[in-house]
Amino acid sequence: MAFAYLATASVVAAVLAITRRNPVHSVLWALALFVHVAGIYLMAGAQFLAATQIIIYAGAILVFYLIILMLLDWTAEGAAQRYGAHWVLGVAASLGFIAVMVFALRSSRALAGRQPQINLWQPSVAEFGVKLFRGFAVPFEVASLILLAAIVGAVVLARRKTPLAQGTGTRSQRNP
Amino acid sequence: MAVSLNSFLLLSAVLFGIGMAGFLTRRNLILMLISVEIMLNAVNVSLAGFSMHLHDMGGQIFAVFVIAVATAEVAVGLGILIALQRSRPTAHIDELTQLKW
């Protein structure tokens, strides 16, 4: 029952997130979606994943989106066209994707026969940490490299390039 | 209480389809990025479901890596958006045609 509520709420929140005209409303509906998805992770026994989802997605990423939305000027956005000219094709493609996935689920013999057995597997966060740092230590370090590259890239992209600051040094050094 | 793997996969497929529809139909750059986030979340749901079904921690660990990559993608994507905003004050994708020939 809890899963049914979480699934319905996430689908509704996702649909609202992609159809609202105001980008701030969309971001807030996406926040509702991410919180409900965290509940779904809990039902799958992934406690650490649920906590990460709340902290990273709801806490960091969506706040970042909201800051960008408030930083920029969106007065022209209300008058702009909400959907592209080929929105029918886009919706048809996504409905086709869902239909193919449902067909694959129904026809998969490996999954169709399985009844929902009592799930005895209750993994702990400690187990997750041991597995992450023993078996996946190298991918973990690679992920930190990716994040470092993203931080540097974001700073370089968002930096204001004045003629004086271009090239060497910072602006304060060249322009006292 | 046990939930079958099929319900996780069905929910994942529906959420991915919604994100895909949003990415293909919306013309606002920020909304397209949010649609990408919805799709990444949908994939994470199926990873968590498989992890539960197979009693294997690997799915959850992979989902955490997906979240890390999604964070990097958001940082770079919004950095590009700010850089674009300098030259052209819009997030409307139809007006960003500098790279077209």
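Because the structure is predicted, anything quoted here is derived from the model rather than measured.

### Side note on the overall build of chain B
Move 1: Scanning chain B for helices and strands turns up three helices and zero strands.
Move 2: Counted from the first residue to the last, chain B has its helices and strands arranged as α-α-α.
Move 3: Relative to its length of 101 residues, chain B is extended, with a C-alpha radius of gyration of 17 Å against a globular reference of 13 Å.
Move 4: Its C-alpha atoms give chain B principal-axis dimensions of about 55 × 25 × 25 Å.

### Side note on the overall build of chain A
Move 1: Assigned secondary structure in chain A consists of eight helices and zero strands.
Move 2: Restricting to contacts in chain A with at least 6 residues of sequence separation, those with at least 24 account for 47%.

### Quick notes on the interface of chain A and chain B
Move 1: On the chain B side, the residues contacting the 72 residues of chain A number 61 residues.
Move 2: Only α1 (2-19), α2 (23-43), α3 (47-71), α4 (87-107), α6 (125-135) and α7 (137-158) of chain A provide two or more residues apiece to the side of chain A that touches chain B.
Move 3: If one sorts the elements of the side of chain A that touches chain B by residue count, α4 of chain A sits on top with 11 residues.
Move 4: The class makeup of the residues in the side of chain A that touches chain B is 56 nonpolar, 11 polar and five charged.

### Points about the environment of Thr8 of chain A
All names here are of chain A.
Move 1: Residue placement: Thr8 occurs in helix α1.
Move 2: Thr8 sits in the exposed class, given 12 other C-beta atoms within 10 Å.
Move 3: A C-alpha to C-alpha distance of 9.4 Å links Thr8 and His36, two positions 28 residues apart in sequence.

### Digging into the packing of α4 of chain A against helix α1 (residues 5-25) of chain B
The relative placement of two packed helices comes down to the angle between their axes together with the axis-to-axis distance.
Move 1: Where α4 of chain A contacts α1 of chain B, the axes come no closer than 8 Å and their chain directions differ by 165°. Accordingly, the angle class assigned to the pair α4 of chain A and α1 of chain B is roughly antiparallel. For the crossing formed where α4 of chain A meets α1 of chain B, the hand is right-handed. For the pair α4 of chain A and α1 of chain B, contact is made by Trp87, Gly90, Val91, Ala93, Ser94, Leu95, Phe97, Ile98, Met101, Val102 and Leu105 of chain A and by Asn6, Leu9, Leu10, Ala13, Val14, Gly17, Met20, Ala21, Leu24 and Thr25 of chain B, respectively.

### Side note on the packing of α3 of chain A against helix α2 (residues 29-54) of chain B
Move 1: At their nearest, the axes of α3 of chain A and α2 of chain B sit 12 Å apart, and the two run at 175° to each other. As judged from the angle between their axes, α3 of chain A and α2 of chain B are roughly antiparallel. Two secondary-structure elements touch here, α3 of chain A through Leu49, Ile61, Tyr65 and Leu69 of chain A and α2 of chain B through Ile30, Ile34, Glu37 and Ala48 of chain B.
Move 2: When its residues are assigned to classes, the contact of α3 of chain A with α2 of chain B shows seven nonpolar, no polar and one charged.

### Some points on the confidence of the model for chain A
Move 1: In this model, chain A carries an average pLDDT of 83, and 80% of its residues clear a pLDDT of 70 or more.
Move 2: Overall, residues 169-176 of chain A carries pLDDT values under 50, and its contacts beyond four positions in sequence, including any with other chains, amount to eight contacts.

### Considering α1 of chain A
Move 1: Taking 1.5 Å as the rise per residue, α1 of chain A with 18 residues should run 26 Å; its terminal C-alpha atoms sit 26 Å apart, in good agreement.
Move 2: Of all the residues in α1 of chain A, the buried ones are Leu6, Ala7, Ser10, Ala13, Ala14, Ala17 and Ile18 of chain A. Viewed end-on, α1 of chain A has its buried residues packed into an arc of 135°, placing them on one side of the element. Of the exposed residues in α1 of chain A, those oriented more than 90 degrees away from the buried face are Ala4, Tyr5 and Thr8 of chain A.
Move 3: Here the buried face of α1 of chain A lies against α2 of chain A together with α1 and α2 of chain B.

### Here we look at the environment of Val142 of chain A
Residue and element names in this part refer to chain A.
Move 1: By secondary structure assignment, the location of Val142 is in helix α7.
Move 2: Residue Val142 is classed as partly exposed on the basis of its 13 C-beta neighbours within 10 Å.
Move 3: Along the chain, Val142 and Leu42 lie 100 residues apart, while their C-alpha atoms are 27 Å from each other.

### Overview of unusual backbone geometry
Residue and element names in this part refer to chain B.
Move 1: The phi torsion at His55 lies on the positive side, around 55°, for a residue other than glycine.
Move 2: Within the secondary structure layout, His55 lies in the loop between α2 and α3 (58-87).
Move 3: When the 11 C-beta atoms within 10 Å are taken as the criterion, His55 is described as exposed.

### Quick look at the confidence of the model for chain B
Move 1: Mean pLDDT over chain B: 87, with 96% of residues reaching 70 or higher.
Move 2: At the level of individual helices and strands, chain B shows its lowest average pLDDT in α3 of chain B, which scores 90, and its highest in α1 of chain B, which scores 93.

About the cut-offs
Residues numbered from 1 in each chain as written. Chains lettered and ligands numbered in written order. Predicted model: local features only at pLDDT ≥ 70, side-chain atom pairs only at ≥ 80, totals over all residues. Helix = DSSP H or I, 4+ residues; strand = E, 2+ residues; numbered from the N terminus. Rg over C-alpha atoms; globule rule 2.2 N^0.38 Å. Contact = placed C-beta atoms within 7 Å. Nonpolar A, V, L, I, M, F, W, Y, C, P; charged D, E, K, R; others polar. Buried ≥ 20, exposed ≤ 12 C-beta atoms within 10 Å, placed from the backbone. Axes fitted to C-alpha atoms, helices over the stretch in contact; angles between N-to-C directions. Parallel < 35°, antiparallel > 145°, perpendicular 65-115°, else oblique. Left-handed = near helix turned anticlockwise from the far one by under 90°. pLDDT = per-residue confidence, 0-100. Expected span 1.5 Å × (residues − 1). Arc of directions from axis to C-beta.

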